[in-house]
Amino acid sequence: MTDRNVIRVEGVDRTFHRYKILFVLMVPIAMALMAISSINVALPSVEQGLGATASDVQWILSGYALTFGITLIPAGRIGDSLGRGMFFVMGLALFTLASLACGLAPDPATLNAARFVQGIGAGLYNPQVMGMIQQFFSGRGRAKAFALLGMVISVSVAVGPLLAGSMIAWLGPQSGWRASFLVNVPIGLAGVVLALIWLPFGRERRRFRRSREIRAARAHGDTSRLQRSHLDLDPVGSVMMAAAVLCVMFPFTAHGSPWWWLLVPVGLGLIVAWIAWEKRYKARGHEPMVDLALFSYHSFSYGSAVTGTFFVGSTSIFVIAALFVQQGLGASAFAAGLVTLPNAIVSAGAAAWSGRHTLSRGRVIVVASIVTIIIACLGAILVASLVVGSGISWWWLALPWAVAGLGQGALGSANQTLTLEDVPTAVGGTAGGVMSTAQRMGTAIGSAVITSIFFAAFASTGAFTALRDAYLLISAVLVVSALVALADLRSARARGVRH
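First, a word on scope: everything that follows refers to the structure included in this document. Only a predicted model underlies this, so the values are computations on that prediction, with no experimental measurement involved. (Residues numbered from 1 in each chain as written. Predicted model: local features only at pLDDT ≥ 70, side-chain atom pairs only at ≥ 80, totals over all residues. Heavy atoms only, no water.)

Tallying secondary structure elements over the protein gives 18 helices and two strands in all. Taking 2.2 N^0.38 as the reference for a compact globule, 499 residues should give roughly 23 Å; the C-alpha atoms of the protein span a radius of gyration of 23 Å, in line with that estimate. With the principal axes as the frame, the protein shows a C-alpha extent of 85 × 55 × 50 Å. Here the protein holds 499 residues, and 56% of them are scored as buried. Considering only contacts within the protein whose residues lie at least 6 apart along the sequence, 80% involve residues at least 24 apart. Each charge class in the protein was averaged separately, 36 positive and 19 negative side chains, and the resulting centres sit 7 Å apart. (Helix = DSSP H or I, 4+ residues; strand = E, 2+ residues; numbered from the N terminus. Rg over C-alpha atoms; globule rule 2.2 N^0.38 Å. Buried < 20%, exposed > 50% of the residue type's maximum accessible area, 1.4 Å probe, protein only. Contact = heavy atoms within 4.5 Å. Lys, Arg positive; Asp, Glu negative; His and termini not counted. Charge placed at Lys NZ, Arg CZ, Asp CG, Glu CD.)

Before going further, it helps to spend a moment on the packing of aromatic side chains. Two aromatic rings are characterised by how far apart their centres lie and by the angle between their planes. Under the criterion given, the structure shown has 15 aromatic pairs. Counting every residue linked through ring pairs, the aromatic cluster contains Phe 88, Phe 95 and Tyr 125. (Phe/Tyr/Trp six-rings, centres within 6.5 Å; stacked < 30°, edge-to-face > 60°.)

Looking now at the pattern of salt bridges. As enumerated under the stated definition, the model contains six salt bridges in all. As a salt-bridge pair, Arg 77 and Glu 287 come within 3.6 Å of each other at their nearest N and O atoms. Of this pair, Arg 77 sits in helix H3 (residues 54–82) while Glu 287 sits in the loop between helix H11 (263–283) and helix H12 (298–314), placing them 210 residues apart in sequence. A relative accessible area of 46% places Glu 287 in the partly exposed class. (Salt bridge = Lys/Arg side-chain N within 4 Å of Asp/Glu carboxyl O.)

In this section: the packing of helix H13 (residues 317–328) against helix H17 (residues 428–461). For the pair H13 and H17, the least separation of the axes is 10 Å and the interaxial angle reads 20 degrees. In terms of axis orientation, H13 runs roughly parallel to H17. Judged by the twist between their axes, the crossing of H13 over H17 is right-handed. Facing H13, whose interface residues are Val 319, Ile 320, Leu 323, Phe 324, Gln 327 and Gly 328, H17 presents Ile 450, Thr 451, Phe 454, Phe 455 and Phe 458. Grouping the amino acids of the contact of H13 with H17 by side-chain chemistry returns eight nonpolar, three polar and no charged. (Axes fitted to C-alpha atoms, helices over the stretch in contact; angles between N-to-C directions. Parallel < 35°, antiparallel > 145°, perpendicular 65-115°, else oblique. Left-handed = near helix turned anticlockwise from the far one by under 90°. Nonpolar A, V, L, I, M, F, W, Y, C, P; charged D, E, K, R; others polar.)

Bringing the side chain of Gln 439 into the picture now. Relative to the elements of secondary structure, Gln 439 occurs in helix H17. You can call Gln 439 buried: its relative accessible area is 8%. Not counting the four nearest positions on each side in its chain, Gln 439 is found in contact with Thr 307, Phe 311 and Gln 416.

The next point concerns helix H16 (residues 398–420). With 23 residues, H16 ought to run about 33 Å at 1.5 Å a step, and its terminal C-alpha atoms sit 33 Å apart, in line with that. Here H16 lies mainly inside the structure; 20 of its 23 residues are buried. (Expected span 1.5 Å × (residues − 1).)

Ranked by size, the top nonpolar core spans 62 residues in total, and within it Leu 25, Met 26, Phe 88, Tyr 125, Val 129, Ile 133 and Leu 420 carry the most contacts. With 13 residues, helix H1 (residues 18–37) is the largest single contributor of residues to this core. In contact with Leu 420, not counting residues within four places along its chain, are Met 130, Gln 134, Arg 142, Phe 146, Phe 300, Ala 431, Gly 432 and Met 435. Among the nonpolar cores identified, the runner-up in size contains 54 residues, and Ala 335, Ile 365, Val 383 and Leu 418 belong to it. (Core = buried A, V, L, I, M, F, W, Y, C linked by side-chain atoms within 4.5 Å.)

Across the interface, H3 lies against H17 with an axial gap of 7 Å and an inter-helix angle of 170 degrees. Between H3 and H17, the crossing angle belongs to the class labelled roughly antiparallel. In contact with Phe 68, Gly 69, Leu 72, Ile 73, Gly 76, Arg 77 and Asp 80 of H3, H17 contributes Gly 428, Gly 429, Thr 430, Gly 433, Val 434, Ser 436, Thr 437 and Arg 440. In the contact of H3 with H17, the residues fall into four nonpolar, eight polar and three charged.

In this model, helix H5 (residues 108–136) (29 residues) spans 42 Å end to end at C-alpha, consistent with the 42 Å of a helix rising 1.5 Å per residue. Burial runs high along H5: 22 of the 29 residues are buried. Taking the backbone nitrogen of Ala 109 as reference, a side-chain oxygen 3.2 Å away marks Asp 107 as the first, capping residue of H5. (Polar contact = N/O pair within 3.5 Å; in protein donor to acceptor, adjacent residues only side chain to side chain.)

Tracing the backbone shows Ser 45 in helix H2 (residues 39–50). Aside from chain neighbours lying at most four places away, what touches Ser 45 is Ile 168, Pro 173 and Trp 177.

Next up on the list: the environment of Glu 47. Within the secondary structure layout, Glu 47 lies in helix H2. Here Glu 47 falls in the partly exposed class, since its relative accessible area comes to 36%. As a C-alpha pair, Glu 47 and His 17 span 30 residues in sequence and 45 Å in three-dimensional space. Those residues in contact with Glu 47, other than ones at most four positions away along the chain, are Ala 52 and Val 57.

None of this, on its own, says anything about what the molecule does.
Given below as structure tokens:
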């Protein structure tokens, strides 16, 4: 009887296990997302410890986001072509070394440079994760794998602030923020070692064997039957897309001259030009960086749209939570992280449940999840009003944030599976890069706009009004996401798709 969890690679005697591969893939995803969420509670300590200016602090946040977003799609394309395992290991090693540099940074400039490199590392390995899940799992097994991915994403985002807050409380503001970076080093090194042992590296092995055959044939003067395959990575398309993502994200992630906002229409124009280039490039018989035929798959188009709009709103929920609890109510960084812990626990359970039901009720789950998060945001406004007006304990805010965890965990699991369900395995990394880029751009835009609204209201009318205005805007954005998800549900039913 054949074990369905065992993978065999041509030319290799040993076997590889799917769930060992999955374990290796989850480790860096958690690290990348905690690097985003944990910095929110660590920034005051970074300012104190390094004497960072407001501009330095802004770049600590935005540098990572920019390089992460720029790298995703090209990295997915290169991984699909040259081997996902190789670029996964390279990205994880780079992220780990950059985390070490962050933790040892003597000044803000060094920290910012290391954060740039950290973002490149995360951008290199992130799309390989989705590509390898597409490659090694199918059917219900793929749904379970994406359920685990959704659980890791939800838990990591919620646990990141708690971990950073705990270290700052334990080690003090001077060393605690450094520890929040340095903790990635042993985990990342272990991940690299396990990846080298447990990942199959099938495409890489085939390319190595082919290169060896070509060298041997040339040494004997016989190259008639051995021609090196042409590798087309579409460098022009890659540069155009990277420039477009940079132009769109930069004004939202870096505060400065108002002239920077002119980059947004430039970026949109570059996207239009990139689409024209990709169509022409394919028509001439080349392999475009992103085959636009991907968007002919209804599930991918709708799922990417849901992802982008959802991340515009949802990722600011806990940024606002940390700001309200710390700056508005005077709580510590540790308390700000602890109050969101129920969200992580609930998210984990919701992701596991969603994974079991995605194949039968996936699109209904996506719609219901977004509605649940909207209800949680409105509930948080109500509880915050009671905290400020009636004097109840602010720990009651854990309740609506836990309800948000229901939606976040269930949606992440279901939407990942549905978005990539029809995508061919050969372009799984590219598709994952496109989807992740939509997430990063949505995060950048949402975080910039929503936090700006929070700070403007905080300065003029106080903490409660700031939270209320921010959460109302988040809810409005999530309504748009829910409408896109509902359109996907109706389209799927019209096409006779079961879920």
